[in-house]
Amino acid sequence: MMEMKDRLRRLRLKCGLTQQQAADQLGITRQALSSYEGGRTRPDIEMLEKLCRIYETDLETMLYGRTGNKENPSRLKRLWKIWTGVLGELTFISSALLWSGNRFFPVSTGQLTAEERVVFQTHHRLISAWEAMDSLILLLTLVSGILLLWQKRKGRYPLPWRKRLGMLVIPVGAMVLAALPFALTDPVFEAVNYLITPFLCGMRILLLWLVDLAMDMAAGFRKKSSKGNNNSSQDKKSLPHPGES
């Protein structure tokens, strides 16, 4: 089985980083990183988390290697890409339904003829399908977002601010781009009718990431408190007892 020192070197090379580049990102000297990779010293838990962040991996992979059912961050990225693509495609279909109803089956006012009733019924069916599709998109955003966060926390994948922001902006951007051509050419509805659903989806994603961020901050606070308590206990043990010379 590959030792951790070997995994550290392999992960660094996989990211295309020299020892100096990795050390600069970690805020340590190249000699300290070389000592980790040489097996002369072992990084503490805080340094392991930093290593996971710059090497884009998780603690289990760092400590034990990718064996058995160990997950890796590429799975989370793949699920996120699928999620983004599905949201964009569903938004395109939803927007096309609304646009088609307004463009090809406009509703007349006043007394309707038999032919106009058929047009009205078709328009109503398309609008009902649009509303159902929008409800599905909102539900899918919430459920799949929760599953993605569960996958992230299960694998303990580190997500810096830049990636958190990207995982919020890119899905919403894909939805806006899918709806925009229809929003700008609809003869009846204004663009805001097409952009409400992407906005609401963005709010749901933002709420989920804020919850995840709060959980990360709480875990970090507990870790620091535990470390402070351990240091205090060690300091008390090192103090001489009364009467000792």
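A brief structural summary. (Residues numbered from 1 in each chain as written. Predicted model: local features only at pLDDT ≥ 70, side-chain atom pairs only at ≥ 80, totals over all residues. Heavy atoms only, no water.)

Helix and strand counts for the protein chain come out as nine helices and zero strands. For the protein chain, the sequential pattern of α-helices and β-strands runs α-α-α-α-α-α-α-α-α. Looking at the protein chain as a whole, 36% of its 245 residues are labelled buried. As displayed, the protein chain offers around 15100 Å² of accessible surface, 62% of which is attributable to carbon and sulfur atoms. (Helix = DSSP H or I, 4+ residues; strand = E, 2+ residues; numbered from the N terminus. Buried < 20%, exposed > 50% of the residue type's maximum accessible area, 1.4 Å probe, protein only. Areas by Shrake-Rupley, 256 points an atom, 1.4 Å probe, with all protein chains shown as cover.)

Given a rise of 1.5 Å per residue, 25 residues ought to cover 36 Å, and the 36 Å separating the end C-alpha atoms of helix α8 (residues 161-185) matches this to within 8%. At A179, α8 is bent by approximately 40°, the largest bend along its length, and proline P181 sits one to four residues beyond. When α8 is considered as a whole, its buried residues turn out to be K163, R164, G166, M167, L168, P171, V172, M175, A178, A179, F182 and A183. (Expected span 1.5 Å × (residues − 1). Bend = angle between axes of the 7 residues up to and from the residue.)

Here the focus is empty space enclosed by the protein. Inspection of every chain in the model, using the stated rule, returns two cavities of 30 Å³ or more. Along the walls of the largest cavity sit T91, S94, S95, W130, D134, I137, N193, Y194, T197 and P198, which together make up its complete lining. For the lining of the largest cavity, the per-class residue count stands at four nonpolar, five polar and one charged. Around the second largest cavity sit W83, G145, L148, L149, I205, L208 and W209, which together line it. Among the secondary structure elements, those contributing two or more residues to the lining of the second largest cavity are α7 (114-155) and α9 (192-238). (1 Å grid on protein atoms, 1.4 Å probe; cavity = no way out; pocket = protein on both sides within 12 Å on 5 of 7 lines; lining within 4 Å. Points joined across faces, edges and corners; volume = space filled by probe spheres on them. Nonpolar A, V, L, I, M, F, W, Y, C, P; charged D, E, K, R; others polar.)

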